[in-house]
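# Tertiary structure, described
Residues per chain, in single letters:
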Amino acid sequence: MEAKATLRYIRISPRKVGIVCDQIRGKSIKDAEAILSLIPKAASDPLFKLVHSAAANAENNHGMDPEKLYVAETYATPGPIIKRFMPRAKGRAYGIKKRTSHVTVVVKER
């Protein structure tokens, strides 16, 4: 039995979110929330809410015991890229890619 929560179109690149995801994979819910509250990264706040939501989904929708839950899977996949241009010298324009992510957290019961 597993419960899942997804966060779509977050305005942080998947590579940066993946660094934070690697820190909490395999940890219990309490440990994961403690780690996320202390990591000084931009992705830690949305991931904290996402882990909390996945735990709530497990408890309310699937009747799992909240004390036995752990983060089984967490990953970030690329979302759509927002393309912008920046003016450069001699009238040129350089492209800027503003990347987005879709983050998924899966919790299971031990």
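It should be noted that the structure appears before, not after, this text.
The sections below set out a description of the structure shown in this document.

Criteria and thresholds
- Residues numbered from 1 in each chain as written.
- Predicted model: local features only at pLDDT ≥ 70, side-chain atom pairs only at ≥ 80, totals over all residues.
- Heavy atoms only, no water.
- Patch = residues over 30% accessible without salt bridge, like charges linked within 9 Å, V, L, I, M, F, W, Y side chains within 5 Å.
- Areas by Shrake-Rupley, 256 points an atom, 1.4 Å probe, with all protein chains shown as cover.
- Salt bridge = Lys/Arg side-chain N within 4 Å of Asp/Glu carboxyl O.
- Helix = DSSP H or I, 4+ residues; strand = E, 2+ residues; numbered from the N terminus.
- Buried < 20%, exposed > 50% of the residue type's maximum accessible area, 1.4 Å probe, protein only.
- 1 Å grid on protein atoms, 1.4 Å probe; cavity = no way out; pocket = protein on both sides within 12 Å on 5 of 7 lines; lining within 4 Å.
- Points joined across faces, edges and corners; volume = space filled by probe spheres on them.
- Nonpolar A, V, L, I, M, F, W, Y, C, P; charged D, E, K, R; others polar.
- Lys, Arg positive; Asp, Glu negative; His and termini not counted.
- Charge placed at Lys NZ, Arg CZ, Asp CG, Glu CD.
- Pairing = 2+ DSSP bridges.
- Arc of directions from axis to C-beta.
- Contact = heavy atoms within 4.5 Å.

## So, a nonpolar patch on the surface
Together, Met86, Tyr94 and Ile96 make up a nonpolar patch on the protein surface, roughly 280 Å² of accessible area in all. Topologically, Ile96 is positioned in strand β4 (residues 93-98). Ile96 sits in the partly exposed class, given a relative accessible area of 33%.

## A short note on the layout of surface pockets
One number sums up the size of the largest pocket: a volume of about 170 Å³. Together, Ser28, Ile29, Lys30, Glu33, His52, Ala55, Glu59, Pro66, Glu67 and Leu69 line the largest pocket. Listed by contribution, the elements that provide at least two residues to the lining of the largest pocket are α2 (29-38) and α3 (44-62). The residue inventory of the lining of the largest pocket, partitioned by class, reads four nonpolar, two polar and four charged.

## Focus on a positive patch on the surface
A contiguous patch of positive charge on the surface is contributed by Arg11, Lys16, Lys41, Arg84 and Lys98. Inspection of the secondary structure puts Arg11 in the loop between β1 (2-10) and α1 (14-24). Its relative accessible area of 44% is what places Arg11 among the partly exposed residues.

## Thoughts on the pairing of strand β5 (residues 101-109)
Each regular strand displays side chains that alternate between the two surfaces of the sheet. β5 sits mainly inside the fold: seven of its nine residues count as buried. Summarising the sheet, β1 and β5 pair through seven bridges and their orientation is antiparallel. Its bridge partner being in β5, Glu2 is matched across the sheet by Lys108. Here strand β2 (residues 69-78) pairs with β5 via nine bridges, running antiparallel. Of the residues in β5, the one forming a bridge with Thr77 is His102.

## Remarks on α1
Among the residues of α1, Pro14, Val17, Gly18, Val20, Cys21 and Ile24 are the ones counted as buried. For α1, the angular spread of buried residues about the axis comes to 165°, placing them on one side. Seen from the open side of α1, the exposed residues pointing more than 90 degrees away from its buried face are Arg15 and Lys16. Tucked inside the fold, the buried residues of α1 contact α2, α3, β2 and β5.

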